[in-house]
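These are the residues of each chain, in order.
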Amino acid sequence: MNVLELMRVGPVIPVIIIDELAQAVPLAEALVAGGVKVLEVTLRTPVAIEAIRAISRQVEGAIVGVGTISRPEDFGQALDAGASFGVSPGLTPALIEAAGKSGLPLLPGVMTPSDVIAARAAGYTELKLFPAQQAGGIGMLKALGSPFPDVTFCPTGGVTAASAPEFLALPNVACVGGSWLTPRDAVTAGDWKKITALARETVGLRA
Ligand code: 3PG
């Protein structure tokens, strides 16, 4: 799947932090049970790569990707672990080169018009607006839509269950990202029913 196809699978891509490897498979299963298939596991904990490996091997229906890519070497280990896509909070020449060499579909982060121009020059027209709310939220996306009609965004950062529908109603937004589907207390407690319920609430968010 290319990035645009991945963005259209569901309205919300959960931004996931996994502290314990044993949480990975049940957490992913809980999200898939709630209808959320595209999962972004962030490289923010020591077990992240092994969590991606476990999910890609064991969770039927999950499309797992790697998030918080910030170093060129992140691509190789993510691919090796079975990641289907990558997400980065920003984009640099070194990341562009590494992404191209790896072939991993990448949803790169941008925050300014110059970032959009640079990403587009590198061939990326599907972009993560990050941090979306702090960058200007709905107003920013509307403003970017006029000069960049060929760009589709996944706003992430500060998006909530309450604000997601307004983002998703914008013509230049295909999906949103957020951590609210996987609250740390529920993950730590192994409250998978709660995660499934939160996932299920998002499925109908796109009008
Ligand atoms: C992140 O980097 O953690 C994501 O942008 C998620 O942000 P959120 O916690 O505000 O949803």
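Just above sits the structure.
For clarity, every value in this text was computed on a predicted model and none was experimentally measured.

1. Things to note about the nonpolar core
Leu31, Val41, Ile55, Phe153 and Val176 are the most contacted members of the largest nonpolar core, which has 62 residues in total. Per-element tally for this core: the top contributor is helix α2 (residues 21-33), with seven residues. If we skip the residues at most four places from it in the chain, Phe153 touches Met7, Val110, Val116, Leu127, Leu129, Leu141, Leu144, Asn172, Val173, Ala174 and Cys175. Listed in part, the twelve residues of the second largest apolar core include Val38, Val87, Leu107 and Cys175.

2. Some words on the pattern of salt bridges
Going through the model one piece at a time under the given rule, you end up with five salt bridges. A salt bridge links Arg53 to Asp80; the shortest N-O distance between them is 3.3 Å. In this pair, Arg53 is assigned in helix α3 (residues 48-58) and Asp80 in helix α4 (residues 73-81), connecting sequence segments 27 residues apart. Asp80 sits in the exposed class, given a relative accessible area of 56%. For Asp150, the salt bridge identified is with Arg120, shortest N-O distance 3.2 Å. Of this pair, Asp150 sits in the loop between α7 (137-145) and β7 (152-153) while Arg120 sits in helix α6 (residues 113-121), and the two are 30 residues apart along the sequence. Accessibility expressed as a relative area gives 38% for Asp150, which makes it partly exposed. Each of the salt bridges in this network shares a partner with another, and the network as a whole consists of Glu50, Arg53 and Asp80.

3. Details of the site of the ligand
The ligand sits among Val15, Arg44, Phe130, Thr156, Gly157, Gly158, Gly178 and Ser179. Note that an oxygen atom of the ligand is positioned 3.5 Å from one of the backbone N or O atoms of Gly157. When isolated, the ligand has an accessible area of 310 Å², and the protein chains bury 76% of it. For the shell around the ligand, the per-class residue count stands at two nonpolar, five polar and one charged.

4. Notes on α3
Of the positions making up α3, those classed as buried are Ala48, Ile49, Ala51, Ile52, Arg53, Ala54 and Ile55. On its buried face, α3 sits against α2, β2 (38-42), β3 (63-67) and α4.

5. Structural notes on the packing of α2 against α3
Two elements in contact, α2 and α3, have axes whose closest approach is 9 Å; the angle formed by their N-to-C orientations is 35 degrees. α3 is crossed by α2, and the crossing has right-handed handedness. Between α2 and α3, the contacting residues are Leu21, Ala24, Val25 and Ala28 on the first element and Glu50, Ala51, Ala54, Ile55 and Gln58 on the second. Residues of the contact of α2 with α3, tallied by class, amount to seven nonpolar, one polar and one charged.

6. A few points about the environment of Val3
Structurally, the position occupied by Val3 is in helix α1 (residues 3-7). Between the C-alpha atom of Val3 and that of Phe85, which follows or precedes it by 82 residues, the distance is 7.6 Å. Apart from the residues lying within four places of it in its own chain, the contact partners of Val3 are Pro105, Leu106, Leu107 and Glu126.

7. Description of the packing of aromatic side chains
Taken as a whole, this structure holds zero aromatic pairs when the rule is applied. Cation over ring: Lys128 sits above Phe130, and NZ or CZ is 4.6 Å from the ring centre.

8. Concerning the state of the cysteines
Inspection of the entire model under this criterion finds zero disulfides. No disulfide involves Cys154; its sulfur sits 3.5 Å from that of Cys175, the nearest cysteine. A residue is classified by how much of its surface remains accessible, and Cys154, at 2% relative accessible area, is buried. With a relative accessible area of 0%, Cys175 lands in the buried category.

9. Structural notes on helix α10 (residues 192-203)
Taking 1.5 Å as the rise per residue, α10 with twelve residues should run 16 Å; its terminal C-alpha atoms sit 17 Å apart, in good agreement. Buried within α10 are the following residues: Ile195, Thr196, Leu198, Ala199 and Thr202. Along the axis of α10, the buried residues cluster in a sector spanning 165 degrees; they form a single face. Those residues of α10 that are exposed and angled more than 90 degrees off the buried face are Lys193, Arg200 and Glu201.

Analysis parameters
One numbering rule holds for all chains: residues counted from 1, following each sequence as written. Local features in this predicted model are restricted to residues of pLDDT 70 or higher, and side-chain atom pairs are both shown and tallied only at a pLDDT of 80 or more, whereas totals for entire chains, interfaces and linings draw on every residue. Side-chain descriptors were evaluated using all non-hydrogen atoms of the structure, hydrogens and water having been removed beforehand. Here the nonpolar core consists of buried residues drawn from Ala, Val, Leu, Ile, Met, Phe, Trp, Tyr and Cys, with membership extended through side-chain atoms lying within 4.5 Å. Note on exposure labels: buried denotes an accessible area under 20% of the residue type's maximum, exposed denotes more than 50%, and partly exposed covers the range between, all computed with a 1.4 Å probe on protein chains only. The helix and strand labels rest on DSSP assignments: H or I over at least four residues marks a helix, E over at least two residues marks a strand, and numbering proceeds from the N terminus. In what follows, residue pairs with any heavy atoms lying within 4.5 Å of each other are defined as contacts. By convention in these notes, a salt bridge is any Lys or Arg side-chain nitrogen within 4 Å of a carboxyl oxygen on Asp or Glu. For this purpose, a residue is taken to be near a molecule or strand whenever a single non-hydrogen atom of the residue falls within 4 Å of it. Side-chain atoms alone can form a polar contact between residues adjacent in sequence; in general such a contact is a pair of N or O atoms within 3.5 Å, and within protein one must be able to donate a hydrogen while the other accepts it. Note on areas: Shrake-Rupley, 1.4 Å probe, and residue coverage restricted to the protein chains presented here. Amino acids are sorted into nonpolar (Ala, Val, Leu, Ile, Met, Phe, Trp, Tyr, Cys and Pro), charged (Asp, Glu, Lys and Arg) and polar (every other residue, Gly among them). Working convention: axes come from line fits to C-alpha atoms, limited for helices to the stretch in contact. Angles between N-to-C directions cover 0 to 180 degrees. Two helices cross in a left-handed way if the nearer one is turned anticlockwise from the farther one by less than a right angle. They cross in a right-handed way if the turn is clockwise. Any two of the Phe, Tyr and Trp rings considered here, Trp counted by its six-membered ring, make a pair once their centres fall within 6.5 Å; the pair's planes then place it as stacked at under 30 degrees, edge-to-face at over 60, or tilted in between. Sitting over a ring, as applied to charges here, requires NZ of Lys or CZ of Arg to be within 6 Å of the ring centre and within 35 degrees of the ring normal. What counts as a disulfide here is a pair of cysteine sulfur atoms lying within 2.5 Å. Take the residue count of a helix, subtract one, and multiply by 1.5 Å to get its expected span. Along the arc lie the directions from the helix axis toward the C-beta atoms.

None of this, on its own, says anything about what the molecule does.
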